[in-house]
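What follows is each chain in one-letter form.
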Amino acid sequence: MLYVLGREKLDNWLAFLEKKARLFVPGKEKFEPYQGNITFESKPLLSPKEFFLPPREPMLSFEVTPGAFPEKLSPSPDERIIFGVRACDAYALTLIKKVYQEDVFFSLRYKNTSLIGKACLAESTDCFCWAMGIDPFSGSGLDLLFLEKDEKLLLKPITEKGKTLVPVEAKEALPEDKALFNEIAKNFLKNKNPSPSLLRLKEKDLMTIYNASFWEKLSFACLNCGICTFLCPTCYCFDVHDEVVGEKGLRIRVPDSCMFLLYTQHASGHNPRRSPLARFRNRFMHKFKYFLDEYGEPLCVGCGRCNTNCPAGINLWEIIQAMGEV
Amino acid sequence: MASFAEKIKEAAKNVLKEGLASGILAYTKGQDIFCERITFVSTKDEISKIIWPSFGGLNPANYLKKLKGKKLALFAPGCVARAVVVLIKEGQIKREDVFLIGVPCPGMLDPKKLKNSFPQIIAIEDDFKENLTIKTPSTSKNLKRIDFLRDTCLYCKYPLPETYNILLPAEGKRPAKDPYALVEQIEGLDISLRSKWFWDQFLSRCIRCYACRNACPLCYCDFCFVDETRPAWIGKSRDPIDVALYHLVRAYHLAGRCVECGACQAACPFDIPVALLTKKLGKEALHAFGYEAGLSLEEPLLFNTFHENDPEDFIFTHKLKEQGKI
């Protein structure tokens, strides 16, 4: 089913959504509460991952007194609608879900959140969803996908929840609108194929890639900061910490980065990934070998945030290529 | 006359030919025009890839710790030479293990300033003096470098190195007349506006990726205080109190040591003015003790000296005594 809404009705649509749930729209740095205006200039630096794996998730509360039992906490997230999500960021959540489907915290947040995606029409020079095997018009991970063409918005509900997000003013699409939607989708993917490196990586022996000599050269410039992992819409690693004030404490889950020394620091003092090279290698092995072998697709959606924001000028294609050719 | 880039390559060639170092830490081109990468260069073939960076956010001196035990050459504008001097004086490296090719620095460009004004740049021609030509798909434009310099370079006091083995003949940027202008702007604010500035710029945006720490040539502790877990000195989430603690302690650890290279700020994906905190402490060190870090190999370190005349008015008890409160 496809619906049509006049472009000038966008504000009405947002007002309609705002009544249903807390509404978030893309800002420059992150998704922000809707305050009456919206732009779609670029992807926010922080992906919608932030809503599902928040920077601070309390899991347990406890008292530092003998005999006191800890209390399990569960989040009570509001109903949320995130508007203007890119196809890549939405797809990323389906990848995280493969790992987190049993997780109470993630599941509750996932259930209470609706994602409305905006289709990218023009090819951008710094992102590459198709190369990772993603069709941005499939709506995967979204509840509703819309496309902006001239003075029209074409709305395509993907899930049952998505159907309830279509405003009453939207009309059922005419055959020519459907044809237009299909044509735009087809044109976008013309000459854009999944990277042949992915196929090569699937076939390659894991230890051959792991032991390859290129890692030393390619990891040299890396600062081992957490920019790529924290901005990545698919990186999902976490750490658990206790925040204790006086006799009371909270056990919280926070995002962690495999780039950090602390990530693999053992209580014994031993650290299996002491060297910056080992940490650098792990990130790419996880995304383009371990995850690929386990789930059949890479843990990357081609949003390009890591490439654009790396202060050291690391580019993931160089590494994928080296991994595929070793 | 040889271009700036040719002079750089020529100098690199000579250093290797004469065996003055086993390799050179230099910038090479990355995957796109805004992306430049610090590389360890040791062969003739690699020398041909050396560039002088237009953007060069990072400080090559930061990579000395990755190559301990090697005798290395560095292209050294003022801030790189100063960082090396501090590292020598703090016992991290030996003077004879570093060959400094002094470069009068033209200042580095801020990619974000350029991208904000011209979102679609496809090529850049930089004369490394005063002018810059950019090309977009529709036009080409001549710009003044000074309008697009990084703030940290715009207010740089020492573009010309004080310490070097050889000095390349070039003009370089003129030293800033008002190096502390941005610091003074914040100092001039009322205390509530100042704390709002800190909140808006730092506490509500920082994601604790530690790029500022890792980009710093003078942050070399084996185990950073933020990574300590027994005891945990600082919480690991993005709680504003922990974010504040991180930034303040980072700045204090660099008091009287920071060489104002701006690598921390260049690395920040959110453009948080992290270099202003360390610059403020540099200003304090200058005004209270007449000390500036990294300018001389002979002068003792600020924290290794005591004079009877050293001001003590920053000590809180001193003030309270004056006021008759204790």
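What counts and what doesn't
Residues numbered from 1 in each chain as written. Chains lettered and ligands numbered in written order. Predicted model: local features only at pLDDT ≥ 70, side-chain atom pairs only at ≥ 80, totals over all residues. Heavy atoms only, no water. Helix = DSSP H or I, 4+ residues; strand = E, 2+ residues; numbered from the N terminus. Rg over C-alpha atoms; globule rule 2.2 N^0.38 Å. Contact = heavy atoms within 4.5 Å. Areas by Shrake-Rupley, 256 points an atom, 1.4 Å probe, with all protein chains shown as cover. Lys, Arg positive; Asp, Glu negative; His and termini not counted. Charge placed at Lys NZ, Arg CZ, Asp CG, Glu CD. Salt bridge = Lys/Arg side-chain N within 4 Å of Asp/Glu carboxyl O. Buried < 20%, exposed > 50% of the residue type's maximum accessible area, 1.4 Å probe, protein only. Expected span 1.5 Å × (residues − 1). Polar contact = N/O pair within 3.5 Å; in protein donor to acceptor, adjacent residues only side chain to side chain. Phe/Tyr/Trp six-rings, centres within 6.5 Å; stacked < 30°, edge-to-face > 60°. Buried area = accessible area lost by both parts, 1.4 Å probe. Nonpolar A, V, L, I, M, F, W, Y, C, P; charged D, E, K, R; others polar. Patch = residues over 30% accessible without salt bridge, like charges linked within 9 Å, V, L, I, M, F, W, Y side chains within 5 Å. Pairing = 2+ DSSP bridges. Axes fitted to C-alpha atoms, helices over the stretch in contact; angles between N-to-C directions. pLDDT = per-residue confidence, 0-100. Core = buried A, V, L, I, M, F, W, Y, C linked by side-chain atoms within 4.5 Å.

**Student:** Explanation requested: the overall build of chain A in the structure shown.
**Tutor:** When helices and strands are counted, chain A shows 13 helices and 12 strands. Computed over C-alpha atoms, the radius of gyration of chain A comes to 22 Å, within 12% of the 20 Å expected from 2.2 N^0.38 for 326 residues, which places it in the range of a compact globule. Sequence separation of 24 or more characterises 74% of the internal contacts of chain A that already satisfy a separation of 6 or more. When the accessible surface of chain A is totalled, it reaches about 15100 Å², and 52% of it is carbon and sulfur. Taking the average place of the 43 positive charges on the side chains of chain A and the average place of its 41 negative ones, the gap between the two points comes to 2 Å.

**Student:** Help me understand the pattern of salt bridges in this model?
**Tutor:** Close approach of charged atoms allows side chains with opposite charge to pair. For the structure shown, the criterion picks out 29 salt bridges over all chains. Here Asp177(A) ties to Lys152(A) by a salt bridge, and the two come within 2.8 Å at their closest N and O atoms. Of the two residues, Asp177(A) sits in helix α6 (residues 175–189) while Lys152(A) sits in strand β9 (residues 152–157), which places them 25 residues apart along the sequence. By relative accessible area, which is 33% here, Lys152(A) ends up partly exposed. With a shortest N-O distance of 2.7 Å, Glu187(B) and Lys283(B) are connected by a salt bridge. Taken together, the positions of Glu187(B) in helix α6 (residues 181–187) and Lys283(B) in helix α11 (residues 274–289) put the pair 96 residues apart, joining distant regions of the chain. Look at Glu187(B) and you get partly exposed, because its relative accessible area is 26%. Look at the salt bridges and you will find they share partners, linking Glu187(B), Lys280(B), Lys283(B) and Glu284(B) into a network.

**Student:** Would you mind showing me how to read α11(B) here?
**Tutor:** At 3.6 residues per turn, the α-helix brings residues three or four places apart onto the same side. With 16 residues, α11(B) extends 23 Å between its outermost C-alpha atoms, agreeing within 8% with the 22 Å of an ideal straight helix rising 1.5 Å per residue. If you follow the buried residues of α11(B), they end up packed against α5 (151–154), α6, α7 (191–203), α8 (211–215), α9 (240–253) and α10 (263–267) of chain B.

**Student:** Help me out: how do you make sense of the side chain of Lys192(A) in this one?
**Tutor:** In this fold, Lys192(A) is placed in the loop between α6 and α7 (196–203). There is a polar contact of 2.5 Å between the side chain of Lys192(A) and the backbone oxygen of Phe188(A).

**Student:** Can you walk me through the packing of aromatic side chains in this structure?
**Tutor:** Aromatic ring pairs are described here by two measures, namely the spacing of the ring centres and the angle between the planes. All names here are of chain A. Under the counting rule described, the total for this entry stands at 30 aromatic pairs over all chains. Pairing Trp13 with Phe83 gives two aromatic rings, centres 5.1 Å apart and planes at 80°, and the pair type is edge-to-face. On the criterion of sequence distance, the pair formed by Trp13 in helix α1 (residues 10–20) and Phe83 in strand β6 (residues 80–85) is long-range, its members being 70 residues apart. The same class applies to Trp13 as to Phe83, namely buried.

**Student:** Whenever I open this one, helix α13 (residues 316–325) of chain A confuses me. Can you help?
**Tutor:** What α13(A) keeps buried is the set Leu316(A), Ile319(A), Ile320(A), Ala322(A), Met323(A) and Gly324(A). For α13(A), the elements touching its buried residues are α7, α8 (206–210), α9 (214–219), α11 (276–295) and α12 (305–309) of chain A.

**Student:** Got a minute to help me understand unusual backbone geometry in this structure?
**Tutor:** For residues besides glycine, phi is generally negative; the peptide bonds are generally trans as well. Geometrically, the link from Arg230(B) to Pro231(B) is a cis peptide bond, its omega value of 0° lying close to zero. By the secondary structure assignment, Pro231(B) is in the loop between α8 and α9. Of note in this structure, Asn191(A) is not a glycine but carries a positive phi near 60°. Locating Asn191(A) in the fold gives a position in the loop between α6 and α7. A residue is classified by how much of its surface remains accessible, and Asn191(A), at 74% relative accessible area, is exposed. Of note, the phi angle at Phe128(B) is positive, near 55°, even though the residue is not glycine. Here Phe128(B) shows up in the loop between β6 (123–126) and β7 (131–135).

**Student:** What is the right way to look at the interface of chain B and chain A in this model?
**Tutor:** Often, the extent of an interface is quoted as the loss of accessible area on bringing the components together. Counting residues at the interface gives 35 residues for chain B and 38 residues for chain A. Across the chain B/chain A interface, buried area totals approximately 3000 Å², and carbon plus sulfur atoms make up 61% of it. Together, Arg37(B), Lys66(B) and Arg238(B) form the three largest contributors to the area buried by chain B at its contact with chain A, with a combined 18%. Summed over the shared surface of chain B and chain A, the result is 4 salt bridges. Two residues, Arg205(B) and Glu29(A), come together in a salt bridge whose shortest N-O distance is 2.7 Å. At the surface where chain B touches chain A, the tally comes to 13 residue pairs in polar contact (both at pLDDT 80 or more). Its residues assigned to classes, the side of chain B that touches chain A comprises 16 nonpolar, 7 polar and 12 charged.

**Student:** It is not clear to me how the side chain of Asp89(A) should be interpreted in this structure. Could you clarify?
**Tutor:** Residue and element names in this part refer to chain A. Among the structural elements, Asp89 can be located in helix α3 (residues 87–100). The class for Asp89 is buried, based on a relative accessible area of 2%. Look past the residues within four positions of Asp89 in its chain and what remains in contact with it is Ser47, Pro48, Pro233, Cys303 and Arg305.

**Student:** Looking at this structure, I do not really get a nonpolar patch on the surface. What am I missing?
**Tutor:** Among the surface-exposed residues, Leu160(B), Tyr164(B) and Leu167(B) lie close enough to one another that they form a single nonpolar patch of about 260 Å² accessible area. Assignment of secondary structure puts Tyr164(B) in the loop between α5 and β9 (166–167).

**Student:** Looking at this structure, I do not really get the sheet that holds β7(B). What am I missing?
**Tutor:** Within a sheet, each strand pairs with its neighbour through backbone hydrogen bonds, oriented either parallel or antiparallel. All names here are of chain B. Sheet architecture is open: 3 strands sit in the order β6-β7-β8, paired in antiparallel fashion. Edge positions in the sheet fall to β6 and β8 (140–144), since each of these pairs with one other strand and no more. Pairwise comparison of adjacent strand axes, ignoring direction, gives a mean angle of 20° for this sheet. With 5 bridges joining them, β7 and β8 adopt antiparallel strand pairing. The residue bridging Ile134 from the neighbouring strand is Lys141, located in β8.

**Student:** Looking at this structure, how should I read the pairing of strand β8 (residues 144–149) of chain A?
**Tutor:** Residue and element names in this part refer to chain A. Of all 6 residues making up β8, 5 are buried, and the element is well covered by its neighbours. One ladder, built from 3 bridges, connects strand β7 (residues 113–118) with β8; its direction is parallel. By the bridge assignment, Ile116 is partnered in β8 with Leu144. Note: β8 against β9, 6 bridges, orientation antiparallel.

**Student:** I would appreciate a short explanation of the confidence of the model for chain A in the present structure.
**Tutor:** The predicted structure's coordinates, where accompanied by low pLDDT, should not be read in detail. A residue-level look at chain A finds 100% of positions with pLDDT of 70 or above and a mean pLDDT of 95. Taken element by element, the predicted model of chain A shows its lowest mean pLDDT in strand β11 (residues 238–245) of chain A (93) and its highest in helix α10 (residues 227–231) of chain A (98).

**Student:** Teacher, can you tell me more about the nonpolar core here?
**Tutor:** Generally speaking, nonpolar side chains in soluble globular proteins are found buried as a group. Membership of the largest hydrophobic core comes to 143 residues, with the highest contact counts inside it found for Trp215(A), Phe288(A) and Met323(A). Among the elements that make up this core, the one with the highest residue count is α3(A) (8 residues). Excluding residues that lie within four positions of it along the chain, Met323(A) makes contacts with Leu201(A), Lys204(A), Ile209(A), Phe214(A), Trp215(A), Phe284(A), Met285(A), Phe288(A) and Lys289(A). Counting 22 residues, the second largest nonpolar core, distinct from the first, contains Ala11(B), Val15(B), Ala26(B) and Phe75(B).

**Student:** Looking at this structure, how should I read the environment of Leu142(A)?
**Tutor:** Residues and elements named next belong to chain A. Mapping Leu142 onto the fold places it in the loop between β7 and β8. Leu142 gets classed as buried once you look at its relative accessible area, which sits at 3%. Sequence separation between Leu142 and Arg200 is 58 residues, and the spatial gap between their C-alpha atoms is 30 Å. When residues no more than four places from it in sequence are discounted, the contact partners of Leu142 are Val85, Ala90, Leu115, Ile116, Gly117, Ile158 and Thr159.

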